[in-house]
Amino acid sequence: MLKIWGREDSLNVQKVMLCVRELGLQFEQINAGKQYGVLNEPWYLAMNPNGLCPTIDDDGFVLWESNAIVKFLCARHSPGNLSPADPREYADADRWISWQGSTLGVTMRQILVNLVRTAEEKRDAKFVADLIATTTGHWKIMNGRLEGRDYMMGPRFTMVDIVFAPHVYRWFAYPFERPDLPHLEAWYKRLCQRKHYNPRFTAGDVVTALQR
Ligand SMILES: N[C@@H](CCC(=O)N[C@@H](CS)C(=O)NCC(=O)O)C(=O)O
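Our subject in this report is the structure included herewith. What you see is a predicted model, and the numbers here were worked out from it, not measured in a lab. In this numbering scheme, every chain counts its residues from 1 along its sequence in written order. Reporting in this predicted model follows two pLDDT cut-offs: at least 70 for local features of residues, and 80 or more for side-chain atom pairs to be given and counted; totals over whole chains, interfaces and linings ignore these cut-offs and use all residues. Note that the side-chain values use all heavy atoms of the structure and ignore hydrogens as well as water.

Points about the pattern of salt bridges
Here is step 1 of the chain: When a carboxyl oxygen of Asp or Glu is within 4 Å of a side-chain nitrogen of Lys or Arg, the pair counts as a salt bridge. By the definition in use, this model includes 10 salt bridges.
Here is step 2 of the chain: Across the pair Arg145 and Asp92 runs a salt bridge, and its minimum N-O distance is 3.0 Å. Of this pair, Arg145 sits in helix H5 (residues 125–146) while Asp92 sits in helix H4 (residues 87–116), and the two are 53 residues apart along the sequence. For the pair shown, Arg145 and Asp92 are each scored as buried.
Here is step 3 of the chain: Between Arg190 and Asp150 there is a salt bridge, with its nearest N and O atoms 3.9 Å apart. With Arg190 in helix H7 (residues 182–192) and Asp150 in the loop between H5 and helix H6 (159–173), this residue pair connects regions lying 40 residues apart in the sequence.
Here is step 4 of the chain: Each residue gets one of three labels from its accessible area relative to the maximum for its type: buried under 20%, exposed over 50%, partly exposed in between, using a 1.4 Å probe on protein chains only. For Arg190, a relative accessible area of 23% corresponds to the partly exposed category.
Here is step 5 of the chain: For Asp150, a relative accessible area of 38% corresponds to the partly exposed category.
Here is step 6 of the chain: It is possible to trace a salt-bridge network through shared partners that takes in Asp92, Arg95 and Arg145. Strands here are runs of E lasting at least two residues and helices are runs of H or I lasting at least four, both read from the DSSP assignment and numbered beginning at the N terminus.

Some words on the layout of surface pockets
Here is step 1 of the chain: In this structure, the largest pocket occupies an estimated 720 Å³ of space.
Here is step 2 of the chain: Using only the protein atoms, space was sampled on a 1 Å grid; points where a 1.4 Å probe fits but cannot get out form cavities, open sets with protein on both sides within 12 Å along at least five of seven lines form pockets, and lining residues are those with an atom within 4 Å of a point. Along the wall of the largest pocket there are 29 residues; nearest its centre are Ser10, Leu11, Asn12, Cys53 and Arg109.
Here is step 3 of the chain: When contributions to the lining of the largest pocket are tallied by element, the ones reaching two or more residues are helix H1 (11–23), helix H3 (66–77), H4 and H6.
Here is step 4 of the chain: Per-class residue counts for the lining of the largest pocket are 10 nonpolar, 11 polar and 8 charged.
Here is step 5 of the chain: For the lining of the largest pocket, the two domains that each supply at least three residues are domain 1 (2–77) and domain 2 (87–210). Grid points are joined across faces, edges and corners, and a volume is the space filled by probe spheres set on the points. When residues are sorted by character, Ala, Val, Leu, Ile, Met, Phe, Trp, Tyr, Cys and Pro go into the nonpolar class, Asp, Glu, Lys and Arg into the charged class, and all the rest, Gly among them, into the polar class. Note that domain bounds follow an automatic or database assignment of domains.

Here's the deal with the site of the ligand
Here is step 1 of the chain: In the neighbourhood of the ligand, the contacting residues comprise Arg7, Ser10, Asn12, Gly33, Lys34, Leu39, Leu52, Cys53, Pro54, Glu65 and Ser66.
Here is step 2 of the chain: Between the ligand and the protein, one listed contact pairs an oxygen atom with a side-chain N or O atom of Asn12 at 3.4 Å.
Here is step 3 of the chain: N or O atoms closer than or at 3.5 Å make up a polar contact, with two conditions inside protein: a donor-capable atom paired with an acceptor-capable one, and, for residues adjacent in sequence, both atoms drawn from side chains. Within the backbone of Cys53, a nitrogen or oxygen atom sits 2.8 Å from a nitrogen atom of the ligand.
Here is step 4 of the chain: Here the Shrake-Rupley method, with its probe set to 1.4 Å, supplies the accessible areas, and only the displayed protein chains count as covering residues. For the ligand, whose accessible area on its own is 510 Å², the fraction buried by protein is 73%.
Here is step 5 of the chain: A cavity or pocket is said to hold a molecule if more than half of that molecule's atoms lie within 2 Å of its grid points. Put simply, the ligand lies in the largest pocket.
Here is step 6 of the chain: A breakdown of the residues in the shell around the ligand according to their chemical character gives 4 nonpolar, 4 polar and 3 charged. Nearness is defined per residue: one heavy atom within 4 Å of the molecule or strand is enough.

Description of the sheet that holds strand S1 (residues 2–5)
Here is step 1 of the chain: What the 4 strands build is an open sheet, ordered S2-S1-S3-S4; its pairing is mixed. Each edge of the open sheet is held by one strand with a lone partner, namely strand S2 (27–30) and strand S4 (61–64). In this sheet, adjacent strand axes meet at a mean angle of 15 degrees when their direction is disregarded.
Here is step 2 of the chain: Contacts are assigned to residue pairs with any non-hydrogen atoms lying within 4.5 Å of each other. Here an angle of 0 to 180 degrees is reported between the N-to-C directions of two axes, which are lines fitted to C-alpha atoms, with helices fitted over the stretch in contact. Together, S1, strand S3 (55–58) and S4 form the strand contacts of H3, whose direction differs from that of S4 by roughly 135 degrees. For two strands to be treated as a pair, DSSP must find no fewer than two bridges joining them.

A few points about the pairing of S3
Here is step 1 of the chain: Here S3 shows no split at all, with Thr55 and Asp57 on one side and Ile56 and Asp58 on the other all buried.
Here is step 2 of the chain: In this structure, S1 lies alongside S3, joined through 3 bridges in antiparallel fashion. In the sheet register, Lys3 faces S3, and the bridge partner there is Asp57.
Here is step 3 of the chain: In this sheet, S4 lies alongside S3 in antiparallel orientation, the contact comprising 4 bridges. Its bridge partner lying in S4, Thr55 is registered against Trp64.
Here is step 4 of the chain: Here S3 folds back onto S4 in antiparallel fashion, the turn holding 2 residues, of which Asp59 has a positive phi close to 50 degrees.

Printed below as a string of structure tokens:
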């Protein structure tokens, strides 16, 4: 059976959990990271030398890096659907997934560290304001992509939506002003209607939960 190591309050683990639930796979999830430990155990480091989560073991095939895991599982279990079959469509999807890792994911992480997890008196207000401005620019790019599309690749939910899904609820929960981005908001509402987009992500005090 597919094994997944990682704690479900980690954004990168949330991508994998949404993916396996959308795919309807049987899996065993083993809590790892933060309060659960595990990540620095020698047997875990032998699977994932980064000492980070998530890691999967799919009948002996071990893989780490959340985006690689999502792409692998979608290609294996949903070719032509969650994973596009046409090479150009695949490259387009892969481009957005890479951009999540290299661009949007980086500044979203910096907001988490420098705003949510830094006490108010220790925050660098100018740095945080610049970060929010840069990240707003990234979301504007997504808003442009979503104009005229229900999902990132068009009418169909795909692996691309999966890797952005855990970011967007944080964006809408953070305590600062956001410009109107109607296509992004419409996409977020569409995600919220999906059975496996965990309502825990959209309700309650997300900011307090992320401060840990
Ligand atoms: N690029 C990696 C990043 C993995 C990563 O930074 N994981 C964090 C959780 S989001 C982690 O393991 N932190 C240590 C911990 O949870 O104790 C991926 O996408 O899988």
